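Listed below are the residues making up each chain.
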Amino acid sequence: TAMHFIFSNEVVLLFDFWSVHSPAGMALSVLVVLFLAVLYESIKVGKAKLLYWAVVSMSIPASQLTEETDQDSSGSDSPPVSTTRLRWLFCHFGQSVIHVLQVVIGYFMMLAVMSYNTWIFFGVILGSAVGYYLAYPLLSMV
Amino acid sequence: VDHSHHKGTSHMAYNSTTVPSHHHPTTSASHSHGEGMHNMMMHMTFYFGFKNVELLFSGLVINTAGEMAGAFVAVFLLAMFYEGLKIARESLLRKSQVSIRYNSMPVPGPNGTILMETHKTVGQQMLSFPHLLQTVLHIIQVVISYFLMLIFMTYNGYLCIAVAAGAGTGYFLFSWKKAVVVDITEHCH
């Protein structure tokens, strides 16, 4: 069967319980999908900013983190290597969790578009536009 | 096509492919009708199950819990490999960008003075081995990303979790060094 975009107030999105039958329900679903798309764009920017702040706030010389045996480094003013590496581990674990969120939300948006409902598609596109517009300028700001 | 009926008909399709004996004329129409119903058996919402799960290729069907466990591991590793490939390509690109050309040209300044504007161009030669390797890796990356998309499109909860967990684990393992070595130098621009 050939699939094509349709305008409809009925759709089932992602989960069995997300079943829409009315214009009000469709409007709400479009808003949710729009918010999801905004969140997706924001997460992409947020991940980069978090990394930048983590590096800056910990003021770690690059050599201290990439060298395994770094016992007599010039780190007399910086915190002990072990706690710094632990903080870096937590930070990177947090980044990975955010990455999983980004991957999952990205796939959810793809599946929402796959419903071939035009209202939902508009919601995804508009949300991506709004999210990109609001979030990406923050990348170049310090 | 009204999708709200799908979750109801998917179970009916199971029963209709094992054709009841009273509806068994020798015309080909009924057979093609059965085939059509079978193809419409796509899930449109998330579900957890391991019976009759078709994965990417015809003939690759999961029917037992053991097979689902194997598929979970395979999909997990595929998603992890995808993240690693992305990181590997980035570092390969950085290493092979040898030809840095500086072009300086005079441009008119604000008060009628002459300023020197310097352009820095970083690039790869087209017929070089690094660029050919990058192209091959790019195709592999595109194919794997489409496979992961199609796997997620099965709406099977176990497989989707495998994709997400594999991506997270791959990102955690492969971005570890990269995040430290590369991003710090990039922020020094």
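Residues numbered from 1 in each chain as written. Chains lettered and ligands numbered in written order. Predicted model: local features only at pLDDT ≥ 70, side-chain atom pairs only at ≥ 80, totals over all residues. Heavy atoms only, no water.

**Observations concerning the overall build of chain B**
Piece 1. In terms of helices and strands, chain B carries five helices and four strands.
Piece 2. Along its sequence from the N terminus, chain B presents helices and strands in the succession α-α-β-β-α-β-β-α-α.
Piece 3. Relative to its 189 residues, chain B shows a buried fraction of 29%.
Piece 4. Counted over contacts in chain B with a minimum sequence separation of 6, partners at least 24 positions apart contribute 61%.
Piece 5. As displayed, chain B offers around 12,100 Å² of accessible surface, 67% of which is attributable to carbon and sulfur atoms. (Helix = DSSP H or I, 4+ residues; strand = E, 2+ residues; numbered from the N terminus. Buried < 20%, exposed > 50% of the residue type's maximum accessible area, 1.4 Å probe, protein only. Contact = heavy atoms within 4.5 Å. Areas by Shrake-Rupley, 256 points an atom, 1.4 Å probe, with all protein chains shown as cover.)

**Examining the overall build of chain A**
Piece 1. Across its full length, chain A carries five helices and two strands.
Piece 2. Listed N to C, the secondary structure of chain A is β-β-α-α-α-α-α in terms of helices and strands.
Piece 3. Within chain A, the proportion of its 142 residues that are buried is 39%.
Piece 4. Total accessible area on chain A stands at roughly 8,100 Å², and carbon and sulfur atoms take up 71% of it.

**Examining a nonpolar patch on the surface**
Piece 1. A surface patch of nonpolar side chains, about 440 Å² in accessible area, is lined by Leu126, Val130, Tyr133 and Leu134 of chain A.
Piece 2. A relative accessible area of 66% means that Tyr133 of chain A is categorised as exposed. (Patch = residues over 30% accessible without salt bridge, like charges linked within 9 Å, V, L, I, M, F, W, Y side chains within 5 Å. Salt bridge = Lys/Arg side-chain N within 4 Å of Asp/Glu carboxyl O.)

**Observations regarding the UniProt feature "transmembrane region" (unreviewed entry) in chain B**
Piece 1. The feature "transmembrane region" (unreviewed entry), as annotated in UniProt, sits at residues 68–85 of chain B in this numbering.
Piece 2. Spanning residues 68–85 of chain B, this segment combines 100% helix with 0% strand, and its end C-alpha atoms are found 25 Å apart. (UniProt positions renumbered as here; feature names shortened; annotations may be inferred.)

**A short note on the packing of helix 1 (residues 23–58) of chain A against helix 4 (residues 118–135) of chain A**
When two helices pack together, their arrangement is given by the angle between the helix axes and the distance between those axes.
Residues and elements named next belong to chain A.
Piece 1. Two elements in contact, helix 1 and helix 4, have axes whose closest approach is 7 Å; the angle formed by their N-to-C orientations is 35 degrees. Remark: the crossing between helix 1 and helix 4 carries right-handed chirality. Along the contact surface, helix 1 presents Met26, Ser29, Val30, Val33, Leu34, Ala37, Val38, Glu41, Ser42 and Val45, while helix 4 presents Trp119, Ile120, Gly123, Val124, Leu126, Gly127, Ser128, Val130, Gly131, Tyr132 and Ala135.
Piece 2. Of the residues in the contact of helix 1 with helix 4, the class split is 14 nonpolar, six polar and one charged. (Axes fitted to C-alpha atoms, helices over the stretch in contact; angles between N-to-C directions. Left-handed = near helix turned anticlockwise from the far one by under 90°. Nonpolar A, V, L, I, M, F, W, Y, C, P; charged D, E, K, R; others polar.)

**Some remarks on the nonpolar core**
Piece 1. In terms of nonpolar packing, the biggest core is built from 43 residues, with Leu111 of chain A together with Phe46, Phe152 and Leu159 of chain B touching the most fellow members.
Piece 2. Of all the elements in the fold, those that place two or more residues in this core are helix 1, helix 3 (81–113) and helix 4 of chain A together with helix 3 (65–96), helix 4 (129–152) and helix 5 (157–186) of chain B.
Piece 3. Per-element tally for this core: the top contributor is helix 3 of chain A, with eight residues.
Piece 4. Ranked by size, the runner-up nonpolar core spans six residues in total, among them Leu51, Met58, Trp88 and Cys91 of chain A. (Core = buried A, V, L, I, M, F, W, Y, C linked by side-chain atoms within 4.5 Å.)

**Focus: the packing of aromatic side chains**
Piece 1. Following the criterion strictly, the structure yields 17 aromatic pairs over all chains and no others.
Piece 2. Relative to Phe172 of chain B, the ring of Phe93 of chain A lies with its centre 6.1 Å away and its plane at 80 degrees, an arrangement referred to as edge-to-face. One end of the pair, Phe93 of chain A, is in helix 3; the other, Phe172 of chain B, is in helix 5, on a second chain.
Piece 3. Plain terms: the ring middles of Tyr132 of chain A and Tyr136 of chain A are 4.3 Å apart, the flat faces sit at 25 degrees to each other, and that makes the pair stacked.
Piece 4. Looking at Tyr132 of chain A, the relative accessible area reads 47%, which means it is partly exposed.
Piece 5. A network of ring pairs unites the aromatic residues Phe15, Phe17, Tyr107 and Phe108 of chain A together with Phe46, Phe152 and Tyr155 of chain B as a single cluster. (Phe/Tyr/Trp six-rings, centres within 6.5 Å; stacked < 30°, edge-to-face > 60°.)

**Describing the side chain of Glu41 of chain A**
Piece 1. When you line up the elements, Glu41 of chain A lands in helix 1.
Piece 2. Its relative accessible area of 8% is what places Glu41 of chain A among the buried residues.

**Some words on the UniProt feature "transmembrane region" (unreviewed entry) in chain A**
Residue and element names in this part refer to chain A.
Piece 1. Annotation from UniProt places "transmembrane region" (unreviewed entry) at residues 20–38, 86–109 and 116–136.
Piece 2. Structurally, residues 86–109 is divided into 100% helix and 0% strand, and its ends, taken at the C-alpha atoms, are 35 Å apart.
Piece 3. Between the end C-alpha atoms of residues 116–136 the distance is 28 Å, and the span holds 86% helix and 0% strand.

**Details of the confidence of the model for chain A**
Piece 1. Summary statistics for chain A give a mean pLDDT of 84 and a share of 82% for residues scoring 70 or more.
Piece 2. Per-residue pLDDT, averaged within each element of chain A, yields its smallest value for helix 2 (residues 62–66) of chain A (53) and its largest for helix 4 of chain A (93). (pLDDT = per-residue confidence, 0-100.)

**Remarks on the environment of Gln134 of chain B**
Residues and elements named next belong to chain B.
Piece 1. Inspection of the secondary structure assignment puts Gln134 in helix 4.
Piece 2. Judged by its relative accessible area of 8%, Gln134 falls in the buried class.
Piece 3. For the pair formed by Gln134 and Arg89, sequence separation is 45 residues and the distance between their alpha carbons is 6.8 Å.

**A word on the confidence of the model for chain B**
All names here are of chain B.
Piece 1. Scored by pLDDT, chain B has a mean of 76; 67% of the residues are at 70 or more.
Piece 2. Note on residues 1–39: pLDDT under 50 across the span, and 24 contacts to partners over four residues away in sequence or across chains.
Piece 3. Scored below 50 in pLDDT, residues 182–189 shows nine contacts in the model against residues more than four places distant or in partner chains.
Piece 4. Model confidence for the complex is summarised by a pTM of 0.70, with the ipTM given as 0.73.

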